[in-house]
Amino acid sequence: MTNRSLHVVLVERTGPRLLELLAAALDGSGPAIAPLDAGLPPARLAALVEALDPGSVEGPDGVTTVRSGQERGVAEGTAVIAPTSGSTGVPKGVELSAAALLHSARASLARIGARPGERWLCCLPAMYIAGLQVLVRSLVSGTDPVLADRADAQTVAASGCAHVSLVPTQLQRLLGGREGDMSTPLAGFRSVLLGGAAAPDGLLDAARAARVPVVTTYGMTETCGGCVYDGIPLDGVRVKTGDDDRIWIAGPVLFSGYRQGGSGGMGPPGIGSPPTAGDGWLQTGDLGRMDSAGRLVVRGRADDVINTGGYLVVPGEVAAVLQTCPGVRDVAVLGLPDPEWGARVVAVVAPADPADPPPLELLRLHVRERLPRYAAPSKVVMVDAVPMLPSGKHDLARLRQDLLRREQTEAESVTN
């Protein structure tokens, strides 16, 4: 049944208007909303709006345009359609019900022991689920969030907030790599939720040594964001791993379906059903295992696995190891085609000191000492910075395109 209107909101920066619209979407007094990044290229943004097929579009200036023609509404219980991060390709519109969003927020607040009146700092883009859920938690707790465009040390320290959600890159910058005063910006925070990408062990060790109350989170847009905290599912959420190590999730935080359109780039036309088993379990695209204490350990994405000469390599595990190598500031690992091995392991490294980058053999040795020999990268590409998405994840799709284009250029220069 689709009888609720959909209102697209083009967001330049998170402000009170988005919070107002979100509150109305959650309590049913307003339309469902679909926040989109107003900074996207115009053609891309127009295509996404067309794919969502909303009844109205509100620009950054607050002007609302009512679209003529037949509107394709949303289910009555739907409050938000949130885009996935698009880290591995084209983003999808994920339909999230008010019930799922509110359950997630309440379970999160209960897990971290949030107290009445404690405020949240929102320094993640609210058009993606991590930032959006900061706003939902604030609404549920009856507090006004502090809205910030960035997570620099001065802004964070002056916020007066008790809770914040960050991605690993933000936390790394706030820690600054200095001993002694590196915890200053986060002093006074009672919880720092860390998600969006795998956190290197070295980063977590540094944060905890600085007495930063980090809580690692695992989830996705389809689960209303983080639904597993420090390896333990939130109340009402169930997690298991299959024989193939795929992670499965069940519970009241699951999405309702995918909002898909014709030529807009969000997949085939129609409203997709969630890929759940008959008993309500969602099969994720991630690999994991349960440790001896019953906590979920996430290994990486199943569709990123590299088959090199018949050996299977999980890029996330290699990246986590390389992140601990001296001289590495940031790293991404992916597979590229290889005529002999099928695929080869390639590491893209942003060195801590561009004038003295770590050599390939050091990186390979660092991996071989901790993982099987075949997991060591056969090639390393040095970059000033690994490309990122607004959600805080590595832009793997762009990175793969850039590397393939670079290799083609190198091959053409050799043959000419």
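Within every chain, residues take consecutive numbers counted from 1 along the sequence as written. The model is predicted, so local features are restricted to residues of pLDDT at least 70 and side-chain atom pairs to those at 80 or more, both for listing and for counting; the totals for chains, interfaces and linings are taken over all residues. Heavy atoms from the whole structure form the basis of all side-chain values; hydrogens and water molecules are not counted.

**Things to note about the overall build of the chain**
Here comes step 1: The helix and strand inventory of the chain stands at 10 helices and 26 strands.
Here comes step 2: Within the span of the chain, comprising 416 residues, buried residues form 50% of the whole.
Here comes step 3: Contact criterion: two residues are considered in contact whenever any of their non-hydrogen atoms come within 4.5 Å of each other. Restricting to contacts in the chain with at least 6 residues of sequence separation, those with at least 24 account for 63%. Counting from the N terminus, the helices are the DSSP runs of H or I reaching at least four residues and the strands are the DSSP runs of E reaching at least two. The buried label goes to any residue with under 20% of its type's maximum accessible area, the exposed label to any with over 50%, and the partly exposed label to all in between, with areas taken from a 1.4 Å probe on protein chains only.

**Examining the packing of helix α1 (residues 16-27) against helix α4 (residues 129-141)**
Here comes step 1: Axis definition: a line fitted to C-alpha atoms, over the contacting stretch in the case of helices. Angles run 0 to 180 degrees between N-to-C directions. Relative to each other, α1 and α4 sit at 70 degrees, their axes nearing to 10 Å. As judged from the angle between their axes, α1 and α4 are roughly perpendicular. Where α1 crosses over α4, the two elements pack in a sense that is right-handed. Where α1 approaches α4, its residues L18, L19, L22, A23 and L26 are matched on the opposing element by L132, L135, V136 and L139.
Here comes step 2: Any residue outside Ala, Val, Leu, Ile, Met, Phe, Trp, Tyr, Cys, Pro, Asp, Glu, Lys and Arg is labelled polar, Gly included; the first ten of those are nonpolar and the last four are charged. Classifying every residue of the contact of α1 with α4 by side-chain character gives nine nonpolar, no polar and no charged. Note that the term roughly parallel is reserved for angles under 35 degrees, roughly antiparallel for angles over 145, roughly perpendicular for angles of 65 to 115, and oblique for everything else. Less than a right angle of anticlockwise turn of the near helix away from the far helix marks a crossing as left-handed, whereas a clockwise turn marks it as right-handed.

**Points about the confidence of the model for the chain**
Here comes step 1: For the chain, mean pLDDT is 86; residues scoring 70 or higher make up 89% of the total.
Here comes step 2: Every residue in residues 177-183 is under pLDDT 50, and counting partners more than four places away or in other chains gives six contacts.
Here comes step 3: Here pLDDT means the predictor's own confidence in every residue, given as a number from 0 to 100. Contacts from residues 262-273, a stretch scored under 50 in pLDDT, to residues over four places away or in other chains number 39 contacts.

**Description of the sheet that holds strand β24 (residues 328-338)**
Here comes step 1: Here a strand pair is declared whenever DSSP counts at least two bridges between the two strands. In spatial order, the strands read β24-β25-β26; together these three strands make up an open sheet with mixed pairing. Each of the sheet's edge strands pairs with one partner strand only, and the pair in question is β24 and β26 (379-382). With direction set aside, neighbouring strand axes in the sheet form an average angle of 25 degrees.
Here comes step 2: Here 10 bridges tie β24 to strand β25 (residues 342-351), and the two strands are oriented antiparallel to one another. Following the sheet pairing, P337 is matched in β25 by A343.
Here comes step 3: Helix α8 (residues 315-322) rests against β24 and β25 of the sheet, and its axis sits at about 145 degrees to β24.

**Quick notes on the pattern of salt bridges**
Here comes step 1: We define a salt bridge as a contact between a side-chain nitrogen of Lys or Arg and a carboxyl oxygen of Asp or Glu at a distance within 4 Å. Evaluated as defined, the whole model comprises 14 salt bridges.
Here comes step 2: Close ionic contact of E118 with R190 constitutes a salt bridge, the shortest N to O distance being 2.9 Å. Here E118, found in the loop between α3 (98-112) and β9 (120-122), pairs with R190, found in the loop between α6 (168-175) and β12 (191-194); they are 72 residues apart in sequence, far enough to count as distant.
Here comes step 3: Classification of R190 as partly exposed rests on a relative accessible area of 29%.

**Some points on the environment of G231**
Here comes step 1: Structurally, G231 is set in the loop between β14 (225-229) and β15 (232-233).
Here comes step 2: In this structure the C-alpha to C-alpha distance between G231 and L296, which are 65 residues apart in sequence, comes to 4.4 Å.
Here comes step 3: Not counting chain neighbours up to four residues away, the residues in contact with G231 comprise G294, R295 and L296.

**So, the pairing of strand β16 (residues 238-241)**
Where a strand is regular, its side chains alternate between the two sheet faces.
Here comes step 1: Pairing of β16 with strand β17 (residues 246-250), which is carried by four bridges, proceeds in the antiparallel orientation. Its bridge partner lying in β17, K240 is registered against W248.
Here comes step 2: Between β16 and β17, which pair antiparallel in sequence order, lie four residues; one of them, D245, sits at a positive phi of approximately 75 degrees.

**Side note on the nonpolar core**
Here comes step 1: Counting 51 residues, the largest nonpolar core has L22, L26, I33, V80, L96, L101 and I249 as its most contacted members.
Here comes step 2: Examining the composition of this core, we find that eight residues originate from one element, α3, more than from any other.
Here comes step 3: In this structure L96 touches T78, A79, V80, A82, L101, I129, T221, C224 and F255, once residues within four positions along its chain are discounted.
Here comes step 4: Nonpolar core, defined: a set of buried Ala, Val, Leu, Ile, Met, Phe, Trp, Tyr and Cys residues in which side-chain atoms within 4.5 Å join the residues together. Core analysis: the next-biggest nonpolar cluster, separate from the first, contains 22 residues, C161, L171, L186 and L194 among them.

**A short note on the layout of surface pockets**
Here comes step 1: Taken as a whole, the second largest pocket spans an internal volume of roughly 500 Å³.
Here comes step 2: The method works on a 1 Å grid over the protein atoms by themselves. A cavity is a set of points holding a 1.4 Å probe that cannot get out, a pocket is an open set with protein on both sides within 12 Å along at least five of seven lines, and residues with an atom within 4 Å of a point line them. As for the second largest pocket, its lining consists of 26 residues, and the residues nearest its centre are C123, P125, D149, Q170 and P390.
Here comes step 3: Among the residues forming the lining of the second largest pocket, the class breakdown is 14 nonpolar, five polar and seven charged. Grid points are joined across faces, edges and corners, and a volume is the space filled by probe spheres set on the points.

**Digging into the packing of aromatic side chains**
Here comes step 1: Think of it this way: a Phe, Tyr or Trp ring, Trp meaning its six-membered ring, pairs with another when their centres are within 6.5 Å, and the plane angle makes it stacked under 30 degrees, edge-to-face over 60, tilted otherwise. Under the defined criterion, the tally for this structure stands at two aromatic pairs.
Here comes step 2: Seen from their ring centres, F255 and Y258 are 4.9 Å apart, and the 50 degrees between their planes marks the pair as tilted.
Here comes step 3: On the basis of relative accessibility, which here comes to 5%, the residue F255 falls in the buried class.
Here comes step 4: A ring pair is formed by Y311 and Y374, whose centres lie 4.3 Å apart and whose planes are at 15 degrees; its orientation type is stacked. Residue Y311 is found in strand β23 (residues 311-313), and its partner Y374 is found in the loop between α9 (360-368) and β26; the two are separated by 63 residues along the sequence.
Here comes step 5: Since its relative accessible area comes to 46%, Y311 is described here as partly exposed.
Here comes step 6: In this scheme, Lys NZ or Arg CZ marks a charge over a ring once it lies within 6 Å of the ring centre and within 35 degrees of the ring normal. When the ring centre of W120 is taken as origin, the NZ or CZ atom of R137, which lies over that ring, is 4.9 Å away.
Here comes step 7: A cation over an aromatic ring shows up here: K240 above the ring of W281, its NZ or CZ 4.4 Å from the ring centre.

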